[in-house]
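Summary of the model geometry
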Amino acid sequence: MRYNERELLCLARQPAEKAAEILMRVPKKGSGLKRRLVKLVVNFLFYFRTDEAEPIGALLLEHCRITKEEENVFSISFIEEPERKYCFECDSEEQCQEWIEALKRASYEFMRRSLIFYRNEIQKMTGKDPLEQYGISEEARFQLATRKQ
């Protein structure tokens, strides 16, 4: 994926929806668990060395699978590369569950589905399409499935 490094750094400096120092293992051979500052901003999970301000990596949380591995361990793997697994060990099961929920809500696809769901609910209640006033109600990205013409 292409990205602008400066824009990514700017995004990493934004306030986080969730942040914590937790143990992390990247999918490199022989990699062990290391304490990292992990920061969720929009649909990116940035990770930092605990004593540095610049991120050492970022995961775009799209087309990924977030899985609870053990009581306080979760992993992130990507659909295109399921063998590349990032593991995170939290301080407690509660913290682990909070991270899993936050990460699952962070993807664009989750937000799109939520928008479509609430759009349909509002339309049922009011009889009006809430997106119509913005002139975007017919855009394909706001449809559950492609409509037959």
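Note that the structure is a prediction, hence the values are computed from the model and not measured.

Cut-offs applied
- Residues numbered from 1 in each chain as written.
- Predicted model: local features only at pLDDT ≥ 70, side-chain atom pairs only at ≥ 80, totals over all residues.
- Heavy atoms only, no water.
- Pairing = 2+ DSSP bridges.
- Helix = DSSP H or I, 4+ residues; strand = E, 2+ residues; numbered from the N terminus.
- Axes fitted to C-alpha atoms, helices over the stretch in contact; angles between N-to-C directions.
- Contact = heavy atoms within 4.5 Å.
- Expected span 1.5 Å × (residues − 1).
- Patch = residues over 30% accessible without salt bridge, like charges linked within 9 Å, V, L, I, M, F, W, Y side chains within 5 Å.
- Areas by Shrake-Rupley, 256 points an atom, 1.4 Å probe, with all protein chains shown as cover.
- Salt bridge = Lys/Arg side-chain N within 4 Å of Asp/Glu carboxyl O.
- Buried < 20%, exposed > 50% of the residue type's maximum accessible area, 1.4 Å probe, protein only.
- UniProt positions renumbered as here; feature names shortened; annotations may be inferred.

**A word on the sheet that holds strand 6 (residues 73–78)**
Pairing is antiparallel across the open sheet formed by seven strands, whose spatial order is 4-3-2-1-7-6-5. In the strand order of this sheet, the two ends are held by strand 4 (57–60) and strand 5 (64–70), each with one partner. Averaged over all adjacent pairs, the angle separating strand axes in this sheet is 35°, with direction ignored. Inspection of the sheet shows strand 1 (residues 18–25) paired to strand 2 (residues 34–41) by seven bridges, in the antiparallel sense. Directly across from Lys18, in strand 2, lies its bridge partner Leu40. Across the sheet, helix 1 (residues 5–12) touches strand 2 and strand 3 (44–49), and the angle it forms with strand 3 is around 85°. Across the sheet, helix 2 (residues 93–105) touches strand 1, strand 2, strand 3, strand 5 and strand 6, and the angle it forms with strand 1 is around 105°.

**Some words on helix 3 (residues 108–126)**
Along its 19 residues, helix 3 runs 26 Å from first to last C-alpha, staying within 8% of the 27 Å computed at 1.5 Å per residue. Just beyond helix 3, the residue with positive phi is Gly127, at close to 80°.

**Let's talk about a nonpolar patch on the surface**
Residues Val42, Phe110 and Met111 make up a contiguous nonpolar surface patch of roughly 250 Å² in combined accessible area. One can find Phe110 in helix 3. For Phe110, a relative accessible area of 37% translates into the label partly exposed.

**A look at the UniProt feature "domain: PH" (unreviewed entry) in the chain**
Here the UniProt-annotated "domain: PH" (unreviewed entry) positions come out as residues 15–108. Note that residues 15–108 is 15% helix and 51% strand, and that its end C-alpha atoms are spaced 18 Å apart.

**Re helix 2**
A turn of α-helix holds 3.6 residues, and therefore any two residues three or four places apart point the same way. The end-to-end C-alpha separation of helix 2 is 19 Å, in line with the 18 Å expected for 13 residues at 1.5 Å each. Of all the residues in helix 2, the buried ones are Gln95, Cys96, Trp99, Ile100, Ala102 and Leu103. Considering only its buried residues, helix 2 is in contact with strand 1, strand 2, strand 3, strand 5 and strand 6.

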